[in-house]
Structure formats: structure tokens, C-alpha cells
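Architecture at a glance
Below, each chain spelled out in residue letters.
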Amino acid sequence: MSGRADKLSIVNGEIVIPAQGGALAAPQEFVDFTEAWLNNRRLSANTREAYRRDVNGYLAWCAEHGVEPLRARFTHVNEYGRWLESCVDARTGRTLAPTTVARKLSGLSSWYEFLHKLEVIPVNPVTGADRPSVHRDHSATVGMSPAEVDALLRAAAEDSARHHALLTLLADLGLRVGEAVKLDLADLGHERGHRTVRFSGKGGKPRRRALAPGTAAALDGYLQERADRAGVSVADLSGPVFVSDTGKPVDRVAVFRLVRRLAERAGIPSAAHLSPHSLRHAFATTARSEGVPLEDVQDAMGHADPRTTRRYDRDRHNLDRDPSYAIWAARARRGAGSGGH
């Protein structure tokens with residue numbers, strides 16, 4: 001390993017490239033390759049930026065270790081992977097999780113595959129690399145019980161109408177935080193007797209969801225309060241649904257901090273480890289425990305693969321839900337209906 005490796009550090013799971021030291025800057029050709037690759041994929045702005053950071057971090061590592069990216073072999077990718085696994089995140093004090101390393105290598109593989117298809121390189125070096133084994137059922141997100149979600153929403157209601165509406169929307173619809181903060185007032189509407197919200201899901205796919213009465217009430221309460229402060233009617237409001245006291249759109253980081261602050265106030269033991277995504281997990285688990293069919297939960301969450309939805313369902317291994325009980329109960333009903341024969 002290069003003696004210059006201390007130039008790179010890990011903060012919040014991302015490789016941080018120092019401001020000084022121009023030698024670490026990616027050559028323009030790699031910048032162009034990366035932008036062309038991103039432009040040829042249907043990605044949300046947040047995913048696009050995450051992939052860009054991952055590739056730039058790898059290119060910085062290559063510069064540190066004297067590796068020519070277009071001539072890299074799977075052994076170099078293995079060395080990079082082991083380096084990632086040994087890195088300590090300055091924020092958490094822990095080494096990167098296997099899921100984080102696997103995600104970074106997955107993005108890198110897609111980048112290299114794009115270059116391979118353009119015939120810039122003869123083979124994708126990540127293909128033969130040794131990637132971390134991540135179980136399909138694994139999820140690093142800390143979940144919440146229904147009672148904890150209720151406690152969090154009560155704390156939000158006591159805090160402000162805006163926070164109550166925002167967290168209620170996350171909890172009741174299972175939205176991604178990026179989807180919620182990007183909602184515009186023009187996205188709210190009515191359809192066939194339902195209050196609705198339209199938004200762009202992952203990959204820019206148009207989505208539509210119904211607002212339950214309680215969800216709509218929380219949203220209406222916030223919008224009415226916002227309109228009263230502005231001295232206008234709700235119908236006259238425009239722009240983002242969720243804005244700060246200064247009128248700027250609420251950002252993802254603010255919501256992340258909000259969840260932890262209110263969870264701590266609500267006395268939730270895992271408060272320090274929760275995130276807005278915890279509410280999305282709770283949505284899936286609660287919906288399934290209440291008997292909502294897997295395919296309906298899958299559609300609501302915008303998952304292309306039902307296995308992804310099952311990973312969000314934290315109660316999927318609960319023995320109370322073992323199909324054997326349903327089979328036995330059906331047989332018992334049939335027996336009772338035929339006189340026990």
C-alpha cells in the first residue's frame with residue numbers, strides 16, 4: 001500500500017478527497033466517461049451523485065496507488081475492496097459495512113461495463129473480483145415497531161404541524177425521504193373519491209398514492225397553518241409542500257436529524273440509529289402484519305422485485321405467520337362443514 005494513503009479518508013461511508021493535492025484530481029477523460037455513463041442510465045439525482053462519488057473515490061485510490069484505471073485487473077479491484085473493508089469511518093468509528101463495500105463495487109462494475117461496451121477496455125475487471133457476500137435478506141436500516149412509530153408521530157405533533165405532516169407521510173405511505181421533500185403542492189389532488197399525491201419514484205418513474213384520512217388531515221393542518229402565517233388561503237399556496245421557516249425547501253439531512261431528535265424525545269431506545277428509512281421499513285412490516293398482500297406492498301413501495309419488499313418486512317420470519325396455520329385452519333373448517341369427516 002502506498003505511503004501516501006493518508007491523503008484519503010472515509011467520512012459517512014464516502015471517500016473524502018482532500019482539497020489540496022491536484023495529483024488526486026481525476027483526468028478529464030475519466031470525468032467525461034463518468035458523465036456519459038450516468039447520462040445513459042435512468043437514475044434519480046441522489047443515486048447519480050452517489051455513483052459519481054463512488055467512481056471518483058476509486059479514481060483517487062488509483063492515483064494514490066499508481067494504478068492506471070483503464071489497465072486495472074481484478075487483482076487491483078480486490079486490493080481496492082480490501083482497502084475499503086479496512087477503512088474506519090471517521091463519523092462512526094467503525095469499518096465500512098460489507099453492504100457499503102458491495103454497493104461501491106457494484107457501481108464501479110457498472111462504470112467499467114459501460115467502458116467495455118464502448119470498447120475502451122477489453123474486459124470489466126470487477127467481474128472477476130472478490131466481492132463481499134451480502135445476504136439477500138440483509139438490511140442495515142434499524143426498524144421500528146408500530147408502537148414506536150406512534151410515539152414518534154405523537155412527538156412530531158407536539159413539535160410542529162409541519163413535522164407531524166412530514167413524518168406522517170413517511171410513515172403512512174412508506175415514501176423515500178427524497179420523494180417526500182421533493183413534493184410540490186401541484187402534486188396534491190383528488191381522484192375518484194381519493195385524496196392523492198403524485199411524485200417521481202426511483203429512476204424517475206411517475207408514481208401515485210392515496211392519502212388515508214389521517215394522513216390527509218395531518219397534511220391539511222400543516223398547509224392551513226402555513227397559509228395563515230402567509231396571510232393567504234391554502235389554494236393560493238404554491239411551490240414545495242414542505243418548506244422551512246425561511247421558505248426554503250426542507251432537505252434530506254434536516255429530516256434525518258429530525259427523526260433522531262424526535263425519536264429521542266419519544267424515548268425510543270434505538271433513537272441514535274434511526275433514519276427516515278426506518279419509517280419505510282416500518283411501513284412494509286406493518287402492512288404485511290395487517291394482512292396486506294405482498295404484491296400490494298410491493299406496488300406501494302415501487303419495488304420491481306418482490307424479494308426487495310420482503311427484505312423490508314422485518315416480521316417476515318414471525319412464526320405466527322407460518323402458512324401451516326392457515327392450511328390447518330382451512331382443513332379444520334372443511335372438517336367442521338362436513339360433520340368431521
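Now for a description of the structure that goes with this document. Quick caveat, the model's predicted, so the values are computed rather than measured.

Turning our attention to the sheet that holds strand 4 (residues 194-200). Strands pair in a sheet through their backbones, by hydrogen bonds, and they do so in one of two ways: parallel or antiparallel. The antiparallel open sheet is built from three strands, whose spatial order is 3-4-5. With one partner strand each, in any of the chains shown, strand 3 (188-191) and strand 5 (206-211) form the two edges of the open sheet. Along the sheet, successive strands turn relative to each other by an average axial angle of 40°, direction set aside. When strand 3 meets strand 4, the two strands line up antiparallel, connected through four bridges. Bridge pairing links Glu-191 to His-194 in strand 4.

Moving on: the packing of helix 1 (residues 28-39) against helix 4 (residues 98-117). In the contact formed by helix 1 and helix 4, the axes pass within 10 Å of each other and the chain directions differ by 100°. Classified by the interaxial angle, the pair formed by helix 1 and helix 4 is roughly perpendicular. Counting all contacts with helix 1, which are made through Phe-30, Phe-33, Thr-34, Ala-36 and Trp-37, the residues of helix 4 involved are Gly-107, Ser-110, Trp-111, Phe-114 and Leu-115. Across the contact of helix 1 with helix 4, the residue classes break down as seven nonpolar, three polar and no charged.

It is worth spelling out the pattern of salt bridges at this point. This structure, assessed with the given rule, holds 15 salt bridges. Here Arg-52 and Glu-49 are joined by a salt bridge, their closest N and O atoms 2.6 Å apart. With Arg-52 and Glu-49 both in helix 2 (residues 45-65), this residue pair falls three residues apart, about one helical turn. In this structure, Glu-191 and Arg-198 form a salt bridge, with 3.0 Å as the shortest nitrogen-oxygen distance. According to the relative accessible area criterion, Arg-198 is partly exposed, its value standing at 43%. A network of salt bridges, in which partner residues are shared, links Glu-191, Arg-192, Arg-198 and Arg-208.

What counts and how
Residues numbered from 1 in each chain as written. Predicted model: local features only at pLDDT ≥ 70, side-chain atom pairs only at ≥ 80, totals over all residues. Heavy atoms only, no water. Pairing = 2+ DSSP bridges. Helix = DSSP H or I, 4+ residues; strand = E, 2+ residues; numbered from the N terminus. Axes fitted to C-alpha atoms, helices over the stretch in contact; angles between N-to-C directions. Parallel < 35°, antiparallel > 145°, perpendicular 65-115°, else oblique. Contact = heavy atoms within 4.5 Å. Nonpolar A, V, L, I, M, F, W, Y, C, P; charged D, E, K, R; others polar. Salt bridge = Lys/Arg side-chain N within 4 Å of Asp/Glu carboxyl O. Buried < 20%, exposed > 50% of the residue type's maximum accessible area, 1.4 Å probe, protein only.

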